[in-house]
Amino acid sequence: MPADERFAVRRESARASVPRPLAAAPAPAGVPLPPGLALRGRLATGARRPETPRGSGRGGSGRGGSGSRTPRSGRGGGPRRAYERARRAWDRPLTAYYVILGSSLLITVLGLVMVYSASMIKALDISKPATYFFGKQFLAAVIGGGLMLIAARMPVKLHRALAYPILMVTVFLMVLVQVPGIGMSVNGNQNWLYLGGPFQLQPSEFGKLALILWGADLLARKQDKRLLTQWKHMLVPLVPVAFMLLGLIMLGGDMGTAIILTAILFGLLWLAGAPTRLFAGVLGFAAVLAFLLIRTSPNRMSRLACMGVSEPDPEGGCWQAAHGIYALASGGWFGSGLGASVEKWGQLPEPHTDFIFAITGEELGLAGTLSVLALFAALGYAGIRVAGRTEDPFVRYAAGGVTTWITAQAVINIGAVLGLLPIAGVPLPLFSYGGSALLPTMFAVGLMIAFAREDPAAKAALAMRKPGVRWKTMRRRGKKRSSGER
């Protein structure tokens, strides 16, 4: 036998000796095969999956098969695509949560740095260590951080339950301020309580938080009963209680805090849908009252006259306003450097409290001041997002009230430093020195964080981030194989 024939016989015998899988029997009509048996049948019959043409893969055109590549939506440049990407990122459920948390913490940390830099000379001037004011502010920031964490973890029902107790305690403390021998006068304002040692408390700062919580709970309950369509239910008792707080504040002479409290009141009325006539009437009454209070006080009239000045008077008037402008002008684009301010060496009277923004502009320049403005803008916009996307009326009123409070106070403080508004004597929220202002503000930020977490989509996104939930979800997504499938 020739060699070729012997090789062919051996090959056929070798193939016959290898066991082959049994072919699947044809299934009856209408009865599907189990997955394992179907897989064996395909292996036995040698059926192959149809190959995909080259042109229809990832690198091809997909339909025509011409092989031309189409650019992916995630790649490429262009302002429109960048805008769309930023808009999609902003629409994520946890965006407001992270923006509120991140911007508030950045403002607080930067404020601690600037308080230390702006207050060193002031502390040495009163024979105290250079870190005297910074140590007190740092302690207040730590306590405020704890309050923010507690407020962020509290449910909304508990916040509503605390509205009336906080209001009553605040009113009691504000009455104590006016009792001789208990209240203290600082810079001509009788709005302080002495706590012992170097610590003091300004109850009027907590009045802002009390009005927001109590007013939001009041308006939410009236909205549930459909009473806000009547003007008497919209005004009473919200406006009388607000005017009671304003009267207690004005007894001490603190008109700056009274302006912030009035802005909060108008913010709550606007969110409640007050008619234009009602809103204009309350606004007109407040404007007439403010005019009378300013007209009858020489100190307030002098502050009003200092708007837009570029140099102090020969008698020394408008000294603070003028030197605030000097500090901002000497900063330039990137400032003179951290700690290198000249105005804090006795030229600017309040470098670490009301005019800390001027020292920031002198040491960090235009870049530093714009960064602070951007952080406040992000915080305010995130608060508007929380108030606008919720279905809970209490959350909407409370978040809108906190956003009005922080935004209005920042605008009044920065406007006074820039010479665009009268000097009202209010600190920059989360930034200026003052524990009495920092504690309620950080609690209010925690309140907004809690509201951002209460959004249903945010709840689901936060739940997915827990390790146990993600593991269970992965196990639930995985399909169990049948016993016959390999």
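For the structure, see preceding data.
Residues numbered from 1 in each chain as written. Predicted model: local features only at pLDDT ≥ 70, side-chain atom pairs only at ≥ 80, totals over all residues. Heavy atoms only, no water.

A. Focus on the pattern of salt bridges. Scanning all chains against the criterion turns up four salt bridges. One salt bridge connects Arg-160 with Asp-217, and the closest N-O pair in it is separated by 2.9 Å. Of the two residues, Arg-160 sits in helix H6 (residues 156-161) while Asp-217 sits in helix H8 (residues 203-224), which places them 57 residues apart along the sequence. On the accessibility criterion, Asp-217 (6% relative accessible area) is buried. The closest approach of N and O atoms between Arg-221 and Asp-217, which form a salt bridge, is 3.2 Å. Taken together, the residues Arg-221 and Asp-217, both in helix H8 and four residues apart, mark about one turn of the helix. Taken together, the salt bridges that share partners define one network made up of Arg-160, Asp-217 and Arg-221. (Salt bridge = Lys/Arg side-chain N within 4 Å of Asp/Glu carboxyl O. Helix = DSSP H or I, 4+ residues; strand = E, 2+ residues; numbered from the N terminus. Buried < 20%, exposed > 50% of the residue type's maximum accessible area, 1.4 Å probe, protein only.)

B. Molecular detail of the state of the cysteines. For the structure shown, the criterion picks out one disulfide. Note on cysteine connectivity: Cys-306 is disulfide-linked to Cys-318, with sulfurs 2.0 Å apart. The S-S bond linking Cys-306 to Cys-318 shows a torsion near -90 degrees; that makes this disulfide left-handed. Within this pair, whereas Cys-306 is found in the loop between helix H13 (298-305) and helix H14 (319-331), its partner Cys-318 is found in the loop between H13 and H14, the two being separated by 12 residues in sequence. Look at Cys-306 and you get buried, because its relative accessible area is 11%. (Disulfide = S-S within 2.5 Å.)

C. Here's a closer look at the pairing of strand E2 (residues 189-196). For strand E1 (residues 183-186) and E2, the ladder comprises three bridges, and the chain directions are antiparallel. The residue of E2 that forms the bridge with Val-186 is Asn-189. Between E1 and E2, which pair antiparallel in sequence order, lie two residues; one of them, Asn-187, sits at a positive phi of approximately 55 degrees. Pairing between E2 and strand E3 (residues 199-201): three bridges, direction antiparallel. Paired with Tyr-194 across the bridge in E3 is Gln-200. The antiparallel pairing of E2 with E3 creates a hairpin that spans two residues between the two strands, and Gly-197 there sits at a positive phi of about 70 degrees. (Pairing = 2+ DSSP bridges.)

D. A look at a positive patch on the surface. Side chains of Arg-81, Arg-85, Arg-88 and Arg-92 sit close together on the surface and give a patch of like positive charge. Among the structural elements, Arg-85 can be located in helix H3 (residues 79-90). For Arg-85, a relative accessible area of 39% translates into the label partly exposed. (Patch = residues over 30% accessible without salt bridge, like charges linked within 9 Å, V, L, I, M, F, W, Y side chains within 5 Å. Areas by Shrake-Rupley, 256 points an atom, 1.4 Å probe, with all protein chains shown as cover. Lys, Arg positive; Asp, Glu negative; His and termini not counted. Charge placed at Lys NZ, Arg CZ, Asp CG, Glu CD.)

E. Spatial organisation of the nonpolar core. Formed by 106 residues in total, the largest nonpolar core has its most connected members in Leu-238, Leu-269 and Phe-451. No other element matches helix H16 (residues 393-417), which puts 13 residues into this core. In this structure, Leu-238 is in contact with Leu-211, Trp-214, Gly-215, Leu-218, Leu-219, Leu-265, Leu-268 and Leu-269, ignoring residues within four places of it in sequence. (Core = buried A, V, L, I, M, F, W, Y, C linked by side-chain atoms within 4.5 Å. Contact = heavy atoms within 4.5 Å.)

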